[in-house]
Amino acid sequence: MRRPLPLCLACLLVGAGLPESRATPPPIPTVTLHHAPDLSPRVRRTLAELPGSVRVGLLVRDLTTGERLETREADLPLIPASTTKLVTAASVLVDRGGVGGWWSTELTVPAAEVGRARVSHLTLRGGADPTLSVADGPNSLRSLAKQAYARGVREVGGVRLDETGLDARTWRGLPLGVPMTPIRLADWHDRPPLSASEARAQAGAALIAELRRAGIRVRSAAVGTAPPFRPYTPPPRKDEHGGPLPPDPFVPVSHRPEQGVASVRSASPFEVLAATLRPSDNLRAEELLATLAAGPGGNGTLEGALSRERAALRRLNVDLTGISLADGSGLSRDNRLTARALVELLEAMYHLPYPKGQLNAELPDTTYRARRNAFAEALPQAGTGENVPAHDGRGGTLALRLRGSGLDVRAKTGTLPGVSALAGYVTARSGHTLAFALLMNGPEDSPILGLRDVQDRVVKAVAAAH
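Described in the following lines is the structure provided in the data block. Because the structure is predicted, anything quoted here is derived from the model rather than measured. (Residues numbered from 1 in each chain as written. Predicted model: local features only at pLDDT ≥ 70, side-chain atom pairs only at ≥ 80, totals over all residues. Heavy atoms only, no water.)

Let us look at the pairing of strand S15 (residues 433–441). Counting buried positions over the nine residues of S15 gives nine, a clear majority of the element. Where burial is concerned, the two faces of S15 agree: the one with Thr433, Ala435, Ala437, Leu439 and Asn441 and the one with Leu434, Phe436, Leu438 and Met440 are both buried. Both strand S1 (residues 55–62) and S15 contribute to a ladder of eight bridges, which runs antiparallel. Bridging from a neighbouring strand, leucine 58 pairs with leucine 438 of S15. Sheet topology places strand S14 (residues 419–427) next to S15; nine bridges connect them, and they run antiparallel. Residue pairing for S15: leucine 422 is matched across the bridge by leucine 438. The antiparallel hairpin formed by S14 and S15 contains five residues in its connecting segment, where glycine 431 sits at a positive phi of about 90°. (Buried < 20%, exposed > 50% of the residue type's maximum accessible area, 1.4 Å probe, protein only. Helix = DSSP H or I, 4+ residues; strand = E, 2+ residues; numbered from the N terminus. Pairing = 2+ DSSP bridges.)

Written out as structure tokens, the structure is:
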């Protein structure tokens, strides 16, 4: 029986909480299956072509009826490779409250210097927005500099960055090898900084250049870091008899938080989700995970971000048994997902579709087919025939797969040595939308193209059988 799903978007917002420790991922058990009673004949025959050394987890569910259609070791924890990005993308949508959410960045000055033409410093503060640019459009350093000039700022002693919201050290050791920082620039994508200090220097230099371009004099080219804010503790007071008095509510201006003089915000996260999922962009996936660390309850750490992902999955009623999350991209072989968890996630995101545009009362099937389901539309679409090396079209990593099949398949691929996975949606012969997940783990020299061929034929068989 299908478990009840949450009924509102607001109830999915991830609350603050202490990060959970990453459990050591369990070893993948060796399983030899002689019978597969829960598979249709054609799917059983297709899977029988796999080498015996390849372990398989499969689950297919009809999203109209809730019926489980195909299953093989659906609860077997396996290395998911880039299908991990489905968890990352869904968690970000939950965290942002749907496609209407955004990330923000601001410039602040000391509270005592608000309204002055000359200020001692400007502080750049952000929440790891992966779409912030140097000069492109309203969500840019250029826009921040213009706003500061319009607010009357004419001279700045120096620039500093607030790095308290994200601890780049906790991302050390991930396979990607790129530090995550609270200020990121989309311009870095092809050549990201290799250290947090390099990122700080580049972001600060870019801001200084834009301030000067806007007409603001910056006296120092050095880029500093902002100290963490410490709430003011008023000195104790006593009455004339030595008895304690309530603390003075007045906070000296020198102890007040810095005040904003400019702010920008991103567009909907949908575009960056599509730019992540369709080409399977590893850097963008880690940047998206970092936004969870920089948010409330993320504690600025990788562990905090992964904890918030698990919290999002729980709110979506995803069974976390056997699940281990290690990164946002799926490059780590420490990740473990099950076919059941992926299908439950896909089902939740289908029934809570975060439609692009106005939230309405359409049935999920209507929203999905009208291409207003933001999560489904961010996925690669099979068989579009685009140039795969470009990785910038609707088809992404599925562009050349299932061509000529006539099937509407929107799914996420996953590939590592010995690992191949495919999880997403297919419209079946019945007209119903099916959610499916097919995870394959074998020796590192397993023929990936052969595994993909079996996956494609399984998808065809499932769609034809149901």
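This part takes up the packing of aromatic side chains. Counted by the stated rule, this structure contains three aromatic pairs. Look at tyrosine 350 and tyrosine 425: their rings are 6.2 Å apart centre to centre, the planes differ by 40°, and that puts the pair in the tilted class. With tyrosine 350 in helix H8 (residues 339–351) and tyrosine 425 in strand S14, this residue pair connects regions lying 75 residues apart in the sequence. Each member of the pair tyrosine 350 and tyrosine 425 is classed as buried. The class of tyrosine 425 is buried, set by a relative accessible area of 0%. Here the guanidinium or amino end of arginine 265 rests over the ring plane of tryptophan 102, the centre of that ring lying 3.8 Å away. Of note, arginine 410 hangs over the ring of tyrosine 368, and the distance from its end group to the ring centre comes to 4.1 Å. (Phe/Tyr/Trp six-rings, centres within 6.5 Å; stacked < 30°, edge-to-face > 60°. Lys NZ or Arg CZ within 6 Å of the ring centre and 35° of its normal.)

Here aspartate 408 is to be found in the loop between helix H10 (374–377) and strand S13 (409–416). Within the structure, the side chain of aspartate 408 is placed 3.0 Å from the side chain of arginine 410, a separation counted as a polar contact. Residues in contact with aspartate 408, not counting those within four places in the same chain, are Tyr368, Arg371, Gln381, Tyr425, Val426 and Thr427. (Polar contact = N/O pair within 3.5 Å; in protein donor to acceptor, adjacent residues only side chain to side chain. Contact = heavy atoms within 4.5 Å.)

Take the nonpolar core next. Grouped together as the largest cluster of nonpolar side chains are 63 residues, with contacts concentrated most on Leu86, Trp171, Leu345, Met349, Phe375 and Tyr425. Counting residues per element, the ones that place at least two in this core are helix H2 (84–96), helix H5 (270–277), helix H6 (282–294), helix H7 (302–315), H8, H10, S14 and S15. (Core = buried A, V, L, I, M, F, W, Y, C linked by side-chain atoms within 4.5 Å.)

Here we take up unusual backbone geometry. A positive phi angle, close to 55°, is found at asparagine 299, a residue other than glycine. Looking at where asparagine 299 falls in the secondary structure, it is placed in the loop between H6 and H7. With relative accessibility at 45%, the residue asparagine 299 sits in the partly exposed group. Here the phi dihedral of asparagine 317 falls at roughly 65°; this positive angle occurs in a residue that is not glycine.

Pairing in this open sheet of five strands is mixed, and the strands run S9-S7-S5-S3-S12 from one edge to the other. The two strands at the open ends of the sheet, each matched to only one other strand, are strand S9 (223–225) and strand S12 (259–265). Strand-to-strand twist of the sheet, defined as the mean angle between neighbouring strand axes without regard to direction, takes the value 25°. Across three bridges, strand S7 (residues 159–161) lies against S9 in parallel orientation. Note on S9: the bridge partner recorded for leucine 161 is threonine 225. With respect to the sheet, helix H3 (residues 141–150) is in contact with strand S3 (104–109), strand S5 (122–126) and S12, its orientation differing from that of S12 by roughly 145°. Along the sheet face, helix H4 (residues 196–214) touches S3, S5, S7 and S9 and points at about 120° away from the line of S9. (Axes fitted to C-alpha atoms, helices over the stretch in contact; angles between N-to-C directions.)

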